[in-house]
Amino acid sequence: MLLLLFHLGSDRYAIDSSQVIEIIPLINLKKVSSSVSHIAGIFNYGGKVVPVIDLGQLIHQKSCQALLSTRIILVYHSFLEQNSSLLGLVAEKVTDTIAKNEEDFISAEFQAINTSDLGDMIHDEQGMIQYIHLDHLSRWAKIVVK
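Since the structure is predicted, the reported quantities are computational estimates derived from the model, not experimental observations.

A. Here's a closer look at the overall build of the protein chain. Counting secondary structure elements, the protein chain contains 3 helices and 10 strands. Across the protein chain, helices and strands are ordered from the amino to the carboxyl terminus as β-β-β-β-β-α-β-β-β-α-β-β-α. The buried share of the protein chain, reckoned over its 146 residues, is 46%. Put simply, 54% of the contacts in the protein chain that link residues at least 6 apart link residues at least 24 apart. Surface exposure of the protein chain reaches about 8,200 Å², of which carbon and sulfur atoms provide 51%.

B. Spatial organisation of the packing of aromatic side chains. According to the stated counting rule, one finds 2 aromatic pairs in the structure shown. Where Phe6 meets Tyr13, the ring centres are 6.0 Å apart and the plane angle is 15°; that geometry is what we call stacked. Of the two residues, Phe6 and Tyr13, neither departs from the other in class, the shared state being buried. With a centroid separation of 6.4 Å and an interplanar angle of 75°, the aromatic rings of Phe43 and Tyr45 are classed as edge-to-face. By relative accessible area, which is 8% here, Phe43 ends up buried.

C. Seen up close, the pattern of salt bridges. Here the structure, examined in full by the defined rule, presents 1 salt bridge. Arg12 serves as the salt-bridge partner of Asp124, at 2.6 Å between the closest nitrogen and oxygen. Of this pair, Asp124 sits in strand E9 (residues 121-124) while Arg12 sits in strand E2 (residues 11-16), and the two are 112 residues apart along the sequence. On the basis of relative accessible area, Asp124 is assigned to the buried category, the value being 7%. Overall, the relative accessible area of 11% leaves Arg12 in the buried class.

D. Highlighting the nonpolar core. In terms of nonpolar packing, the biggest core is built from 30 residues, with Phe6, Ile15, Leu55, Ile73 and Leu89 touching the most fellow members. At the level of secondary structure, the elements contributing two or more residues to this core comprise strand E1 (2-8), E2, strand E4 (39-45), strand E5 (48-54), helix H1 (55-60), strand E6 (71-78), strand E7 (84-99) and helix H3 (134-140). For this core, the leading source of residues is E7, giving 6 residues. Look past the residues within four positions of Phe6 in its chain and what remains in contact with it is Asp11, Arg12, Tyr13, Ala14, Ile15, Leu55, Ile73, Ala91, Glu92, Lys93, Val94 and Ile132. One finds Leu3, Leu5, Phe105 and Ile122 within the second-largest nonpolar core, a separate group that totals 8 residues.

E. Representation of the environment of Tyr45 in the model. Among the structural elements, Tyr45 can be located in strand E4. The partly exposed category is assigned to Tyr45, whose relative accessible area is 26%. Separated by 29 residues in the primary sequence, Tyr45 and Leu74 have C-alpha atoms spaced 9.6 Å apart. Contact partners of Tyr45, with chain neighbours within four places excluded, come to Ile21, Glu22, Val50, Leu74 and Leu86. Polar side-chain contacts of Tyr45 include one of 2.6 Å to the side chain of Glu22.

Calculation criteria
Residues numbered from 1 in each chain as written. Predicted model: local features only at pLDDT ≥ 70, side-chain atom pairs only at ≥ 80, totals over all residues. Heavy atoms only, no water. Helix = DSSP H or I, 4+ residues; strand = E, 2+ residues; numbered from the N terminus. Buried < 20%, exposed > 50% of the residue type's maximum accessible area, 1.4 Å probe, protein only. Contact = heavy atoms within 4.5 Å. Areas by Shrake-Rupley, 256 points an atom, 1.4 Å probe, with all protein chains shown as cover. Phe/Tyr/Trp six-rings, centres within 6.5 Å; stacked < 30°, edge-to-face > 60°. Salt bridge = Lys/Arg side-chain N within 4 Å of Asp/Glu carboxyl O. Core = buried A, V, L, I, M, F, W, Y, C linked by side-chain atoms within 4.5 Å. Polar contact = N/O pair within 3.5 Å; in protein donor to acceptor, adjacent residues only side chain to side chain.

Below is the structure:
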């Protein structure tokens, strides 16, 4: 499986690259009134309104920095019982990929409860990588799309 790597602060994360539609530069988003701090805003993508989650805010309660390598990862995702939809994920240092097999994943049962819902861990020569399973992310982030 080919994984897209990115950073949130000094921590590394990955998602399955087969779920990625496009990686776009960080653009100005339309802010939405929300009591949920991890919703960065919305933007128009080919006539569709796309909600964007700031993964730094969601996972570390600190917004992603506006670096040259900070990007919006556009993914195609099914939200619970609804039809598939688009979702933007803001992350830092979106620059690399890594190939891993299913047997390379390490159970995340030992992790803190707030991150164990995201997915298992992966290890490489630089250390640990938190895998983010997008179905888990939607439940954990309490994403609502109407």
